[in-house]
Amino acid sequence: MILVTGGAGFIGSNFVLQWHASTTEPVLNLDALTYAGNMENLRSLADSSRHVFVHGDITDATLLERLFAEHRPRAVVHFAAESHVDRSIHGPEAFVHTNVNGTFRLLEAARAYWNDLAAEEQQAFRFLHVSTDEVYGTLGPADPAFTETTPYAPNSPYSASKAASDHLVRAYHHTYGLPTLTTNCSNNYGPYHFPEKLIPLMIVNALAGKPLPVYGDGQQIRDWLYVKDHCSAIRRVLEAGRTGETYNVGGWNEKANIDIVHTVCALLDELAPAPARHVQHSVTGKPLQRYAELITHVADRPGHDRRYAIDARKIERELGWKPAETFETGIRKTVRWYLANQDWVANVQNGSYRDWIQRQYEEPRE
Ligand code: NAD
Ligand code: DAU
């Protein structure tokens, strides 16, 4: 079996569902179920003997030792992390705890287990670390896209903690020979995306007639990849990646935030027109004609990275991976998914979600 960490979160749950649908190999899913972890994402696996869920923390060394000994995974796919940049600005400590200490504990447990394996099993073992393009910092408008050799220059507590974890993974390969793989991916979007992040927040706010908060001038650029394409890239790297290597994963879809927001609004105008749903502007009380009327420019994110772009030629050249979705096909699927899964959205908008939204968007900045 494989051990997946963070498999109840956005990308982890998409990965586990895809894995379950396309292989017969069981998954041991270790997740602490923070605000971002949601068992609803995995409901379709509730009766499956090929999905074993463990509610636990990756910083718990005793638990990790026991899980490795009992389940003897042939690979680890490590998603578990604190993942939201804005939260890392308000409270960086949790990011160091999970992303740095947690990855360290997981590496230590994996190393101890791997050391005792027979030579053949040692060779076949893989530790795949899921990381981000944010470790490379920010690009100017004319800079070439990030490659695997771009120097690290993380700018937020989140990206700094992910960079630290990447360095630990690299060191465990270099020093101990642990067969590691690292993927650095761009912005994902798709089903089960927690509505604190740009795309799901815009969909959810628009349908509720709430302002669509665009940070600063909205001209910041991200590269967007449909989440299922990210999952297929991880599977491919796990299967055929060269150990000790890193692979950049991206969608060749650079878009300015303001354009993303307009695209989401236009799709909602088409698929769920505001007049037909009697949506009112939550601030003015006026009936809404088009969702773009809700766009509101707000204070910028401190230290906001201006542009990310991924050069994904290495994974394409070496492993033959390419995204299956364009942004146009992926974003349409995503908007449709949110329209069809309003119960999922309502369930995650609990007290702690409302506290976060109030803190981030309604209280004056310190
Ligand atoms: P997420 O926040 O949606 O999910 C994180 C999951 O990890 C949750 O299920 C949470 O309960 C679990 N978790 C958190 N702390 C834990 C701990 N201490 N022990 C065990 N489980 C814990 O995150 P995501 O967007 O799915 O991202 C997954 C991974 O992919 C992260 O490592 C992130 O850095 C990376 N990544 C994300 C993106 C993106 O666009 N979302 C892009 C590139 C890389
Ligand atoms: O690049 C990969 C990274 O993408 C991942 O490592 C992170 O885990 C993931 O959260 C994401 O980080 P971003 O900060 O790019 O994603 P987010 O959805 O928070 O923001 C996307 C852009 O939209 C960013 O420029 C900030 C902006 N934004 C975001 C929010 C939540 C807004 O303008 N308004 C908002 O309300």
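Residues numbered from 1 in each chain as written. Chains lettered and ligands numbered in written order. Predicted model: local features only at pLDDT ≥ 70, side-chain atom pairs only at ≥ 80, totals over all residues. Heavy atoms only, no water.

(A) Main features of the nonpolar core. Grouped together as the largest cluster of nonpolar side chains are 72 residues, with contacts concentrated most on Phe 15, Val 77, Ile 199, Tyr 291 and Ile 315. Apart from the residues within four sequence positions on either side, Ile 315 is in contact with Ala 233, Val 237, Tyr 247, Asn 248, Val 249, Gly 320 and Trp 321. Listed in part, the 23 residues of the second largest apolar core include Val 54, Val 169, Tyr 172 and Leu 178. (Core = buried A, V, L, I, M, F, W, Y, C linked by side-chain atoms within 4.5 Å. Buried < 20%, exposed > 50% of the residue type's maximum accessible area, 1.4 Å probe, protein only. Contact = heavy atoms within 4.5 Å.)

(B) Looking closely at the site of ligand 1. Neighbouring residues of ligand 1: 28 residues in total, closest Ile 11, Asp 31, Ser 83, Tyr 158 and Lys 162. In this structure, Ala 32 approaches ligand 1 through a main-chain N or O atom, which is 3.0 Å from a nitrogen atom. Asn 188 is positioned such that a nitrogen or oxygen atom in its backbone is 2.9 Å from an oxygen atom of ligand 1. Protein burial of ligand 1: of its 840 Å² of free accessible surface, 96% is covered by the chains. Among the secondary structure elements, those contributing two or more residues to the shell around ligand 1 are α1 (10-22), β5 (126-132), α6 (157-176) and β7 (187-189). A class-by-class count of the residues in the shell around ligand 1 yields 13 nonpolar, twelve polar and three charged. (Near = heavy atom within 4 Å. Polar contact = N/O pair within 3.5 Å; in protein donor to acceptor, adjacent residues only side chain to side chain. Areas by Shrake-Rupley, 256 points an atom, 1.4 Å probe, with all protein chains shown as cover. Helix = DSSP H or I, 4+ residues; strand = E, 2+ residues; numbered from the N terminus. Nonpolar A, V, L, I, M, F, W, Y, C, P; charged D, E, K, R; others polar.)

(C) Fine view of the side chain of Ser 186. As for its position among the elements, Ser 186 is in the loop between β6 (180-185) and β7. The buried category is assigned to Ser 186, whose relative accessible area is 6%. Of the polar contacts made by the side chain of Ser 186, one reaches the side chain of Asp 223; its length is 2.5 Å. When sequence neighbours within four positions are dropped, the list of residues in contact with Ser 186 reads Asp 133, Asp 223, Leu 225, Val 249, Gly 250, Gly 251 and Ile 310.

This is a description of form; function is not addressed.
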